[in-house]
Protein chains: 2
Amino acid sequence: MKATVLFSGGKDSGLVTLLLEPFFDEIELVTFSFGREESWRPAAQAAKEIGHPHRVAIFPNEVREEALTMLRAAGHPAPALNYVHSIAVEALAQEAEFVADGTRRDDRAPVMSYGRIRSLEDRRKMHYLRPLAGLGGGAIRAMAARHLDFVEELSEMFPASDFEVGLRHALAERWGQAEVDRIFPADHTHTRVIRRKRFVKEVEGQEDQACQSISTES
Amino acid sequence: MKATVLFSGGKDSGLVTLLLEPFFDEIELVTFSFGREESWRPAAQAAKEIGHPHRVAIFPNEVREEALTMLRAAGHPAPALNYVHSIAVEALAQEAEFVADGTRRDDRAPVMSYGRIRSLEDRRKMHYLRPLAGLGGGAIRAMAARHLDFVEELSEMFPASDFEVGLRHALAERWGQAEVDRIFPADHTHTRVIRRKRFVKEVEGQEDQACQSISTES
């Protein structure tokens, strides 16, 4: 079984990858980009650290334009975030049986309604996995920190591959920082995985059971 | 870090245990019982197979009586299931920092509202984890089957430790099968883990990275 993970290079999609790893023979990490060349590079580096194949998918120009129009019309980011997220999930659902993302219990956007999820799964004969949908922010941070070193960065200063950061940069390029400040909350940060601390090896049967809770922390 | 898992011995709470295992130093499995001595035995056996410490907690008599009253008054199981589930989660939340259960995305009951979850976490300074909250039934079955052998059993014929099975048995003892048939859907089944197929060993750093996707299937 193969799982495809919508991957930004941050701690959330990193944790999703680690959660799914023992249950799939193969995991592919896919980063969507609005076409700014540098924005996917941190995600590619994070994927290399975590140790799974990675590729970049570029949104069509119309998707970027539609998202920018939605941002400016709504004056807040939720509709555009939901739109680009659903485009990405639908694209992956056409080619993969298991598609996962890092959307969290406490996120207001992007989020797909229950009805929309069931429709997606029925139409595409696939499974959409949200492993963080039942976890709060504190638990996610604690669980991710056990296996990953990550840094928190100001989104205005550093390119990154999460949808919010991509939309902020696209908006700033076209209409300047004032328009970003009108639409998005101030001081948005994103996380970036810089190192994987532990790897996991599967063993058959019980003979190696004593190892399962070995801690490698000093 | 230690996680406490509300454990019925079925594939769902079994999968929760496997999902959390790489992220915690210690996992304790706790089965709640309505006092029928035999109902927790399959869960204890499943816990032994999965390889984590297990204990049984008995609901106070008043909780069982209140649940039975709710069942007969509502004529359907949801309010009573929500009630006993919340009693169990609240009890574990008093003693553990991370409490997990196997409630699923597609379950209608038991389920705790988002507001209630946030209140629980704030009051008790703990994290309530629902690792299956973003997974559909087909994905849960496929992921559990990779690591666990489990059987599906008719709840009327076999004792088990899930709340619905416990309530059905308590109701049948007191008022007979006709009252169970009035309140619960027909032919309810539960799953029971009978074997763990794979164990996991953590290794530090990348040197053993090639092992991470080794399949032990023939």
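Everything that follows concerns the structure shown earlier in this document.
Nothing here was measured: the structure is a model prediction, and the numbers come from that model. (Residues numbered from 1 in each chain as written. Chains lettered and ligands numbered in written order. Predicted model: local features only at pLDDT ≥ 70, side-chain atom pairs only at ≥ 80, totals over all residues. Heavy atoms only, no water.)

Caption draft 1: A look at the side chain of S86(B). All names here are of chain B. Turning to its location among the elements, S86 is positioned in helix α4 (residues 78-93). Classification of S86 as buried rests on a relative accessible area of 8%. With near-sequence residues (within four places) excluded, S86 lies in contact with M112 and R116. (Helix = DSSP H or I, 4+ residues; strand = E, 2+ residues; numbered from the N terminus. Buried < 20%, exposed > 50% of the residue type's maximum accessible area, 1.4 Å probe, protein only. Contact = heavy atoms within 4.5 Å.)

Caption draft 2: View of the relation of the copies chain A and chain B. Relative to chain B, chain A is turned by 180° and slid 0.0 Å along the rotation axis, the superposed coordinates differing by an RMSD of 0.0 Å. Expressed as a symmetry operation, the mapping of one chain copy onto the other fits a two-fold axis. The position closest to the rotation axis in chain A is occupied by the C-alpha of K201(A), lying 2.5 Å away. An overlap of 98% is found between the interface residues of chain A and their copies at the interface of chain B, pointing to a shared contact surface. (Least-squares fit on C-alpha atoms with pLDDT ≥ 70 in both.)

Caption draft 3: Layout of the packing of helix α4 (residues 78-93) of chain A against helix α5 (residues 114-124) of chain A. All names here are of chain A. Orientation of α4 relative to α5, taken along the N-to-C sense of each, is 25°, at an axis distance of 10 Å. By the angle class used here, α4 and α5 are roughly parallel. For the crossing formed where α4 meets α5, the hand is right-handed. Mapping the contact onto sequence places S86, V89, E90 and A93 in α4 and R116, L120, R123 and R124 in α5. A per-class count over the contact of α4 with α5 returns three nonpolar, one polar and four charged. (Axes fitted to C-alpha atoms, helices over the stretch in contact; angles between N-to-C directions. Parallel < 35°, antiparallel > 145°, perpendicular 65-115°, else oblique. Left-handed = near helix turned anticlockwise from the far one by under 90°. Nonpolar A, V, L, I, M, F, W, Y, C, P; charged D, E, K, R; others polar.)

Caption draft 4: Looking closely at the packing of aromatic side chains. Residue and element names in this part refer to chain A. For the coordinates displayed, the defined rule picks out eight aromatic pairs over all chains. Plain terms: the ring middles of F59 and F163 are 5.9 Å apart, the flat faces sit at 50° to each other, and that makes the pair tilted. Here the residue F59 occupies a position in the loop between β3 (54-58) and α3 (61-74), and F163 occupies one in helix α7 (residues 163-175), the gap between them amounting to 104 residues. Of the residues examined, F59 reaches a relative accessible area of 3% and is grouped as buried. Among the residues examined, F163 registers a relative accessible area of 12% and is labelled buried. Of note, R72 hangs over the ring of W175, and the distance from its end group to the ring centre comes to 4.0 Å. The positively charged end of R196 is found above the aromatic ring belonging to F199, 4.2 Å away from the centroid. (Phe/Tyr/Trp six-rings, centres within 6.5 Å; stacked < 30°, edge-to-face > 60°. Lys NZ or Arg CZ within 6 Å of the ring centre and 35° of its normal.)

Caption draft 5: Broad picture of the nonpolar core. In terms of nonpolar packing, the biggest core is built from 56 residues, with L20(A), F24(A), L20(B) and F24(B) touching the most fellow members. Beyond its immediate chain neighbours, meaning those up to four positions away, L20(B) contacts M143(A), A3(B), V5(B), I27(B), A100(B), L129(B) and P131(B). (Core = buried A, V, L, I, M, F, W, Y, C linked by side-chain atoms within 4.5 Å.)

Caption draft 6: Representation of the packing of α4(B) against helix α7 (residues 163-175) of chain B in the model. All names here are of chain B. The N-to-C vectors of α4 and α7 enclose an angle of 120°; their axes lie 10 Å apart at closest approach. Between α4 and α7 the crossing geometry is right-handed. In this structure, α4 contributes A80, L81, V84, H85 and A88 to the contact, and α7 contributes F163, E164 and L167. Partitioning the contact of α4 with α7 into residue classes produces six nonpolar, one polar and one charged.

Caption draft 7: Representation of the environment of E164(A) in the model. Residues and elements named next belong to chain A. Relative to the helices and strands, E164 is located in helix α7. The class for E164 is buried, based on a relative accessible area of 14%. For the pair formed by E164 and T189, sequence separation is 25 residues and the distance between their alpha carbons is 9.8 Å. E164 has contacts with L81, F184, P185 and H188, leaving out every residue within four places of it along the chain.

Caption draft 8: Local environment of the pattern of salt bridges. Under the counting rule described, the total for this entry stands at 46 salt bridges over all chains. Residue D149(A) is joined to R195(A) by a salt bridge in which the shortest nitrogen-to-oxygen separation is 3.0 Å. On the criterion of sequence distance, the pair formed by D149(A) in strand β6 (residues 148-154) and R195(A) in strand β7 (residues 189-196) is long-range, its members being 46 residues apart. E179(B) serves as the salt-bridge partner of R182(B), at 2.9 Å between the closest nitrogen and oxygen. Here E179(B) and R182(B) lie together in helix α8 (residues 177-183), a separation of three residues that amounts to about one turn. (Salt bridge = Lys/Arg side-chain N within 4 Å of Asp/Glu carboxyl O.)

Caption draft 9: The arrangement of empty space enclosed by the protein in detail. All names here are of chain A. If you walk through the whole model with that rule in mind, you get seven cavities of 30 Å³ or more. Reported here for the largest cavity is a volume of approximately 60 Å³. In terms of lining residues, the largest cavity is bounded by ten residues, among which F32, S33, F34, S39 and G166 are the most central. Secondary structure elements with two or more residues in the lining of the largest cavity: β2 (26-33) and α7. Residues that form the lining of the largest cavity fall into these classes: four nonpolar, four polar and two charged. (1 Å grid on protein atoms, 1.4 Å probe; cavity = no way out; pocket = protein on both sides within 12 Å on 5 of 7 lines; lining within 4 Å. Points joined across faces, edges and corners; volume = space filled by probe spheres on them.)

Caption draft 10: Representation of the sheet that holds strand β2 (residues 26-33) of chain B in the model. Residues and elements named next belong to chain B. Across the sheet, which stays open at both edges, the five strands sit in the order β3-β2-β1-β4-β5 with parallel pairing between neighbours. Each edge of the sheet is formed by a strand with only one pairing partner; in this case those strands are β3 (54-58) and β5 (127-129). Within this sheet the neighbouring strands show an average axis-to-axis angle of 25°, counted without direction. Pairing analysis gives five bridges linking strand β1 (residues 2-6) to β2, with the strands arranged parallel. Among the inter-strand pairings, T4 is bridged to a residue of β2, identified as E28. Its contacts with the sheet put helix α1 (residues 11-20) on β1, β2, β4 (98-100) and β5, and the angle it makes with β1 is roughly 170°. (Pairing = 2+ DSSP bridges.)

Caption draft 11: Here's a closer look at the pairing of β2(B). Residue and element names in this part refer to chain B. With seven of its eight residues buried, β2 lies for the most part within the structure. Read as a crossover between parallel neighbours, the route from β1 over α1 to β2 is right-handed. Sheet topology places β2 next to β3; five bridges connect them, and they run parallel. By the bridge assignment, F32 is partnered in β3 with A57. (Right-handed = clockwise from strand over helix to strand, strands pointing away.)

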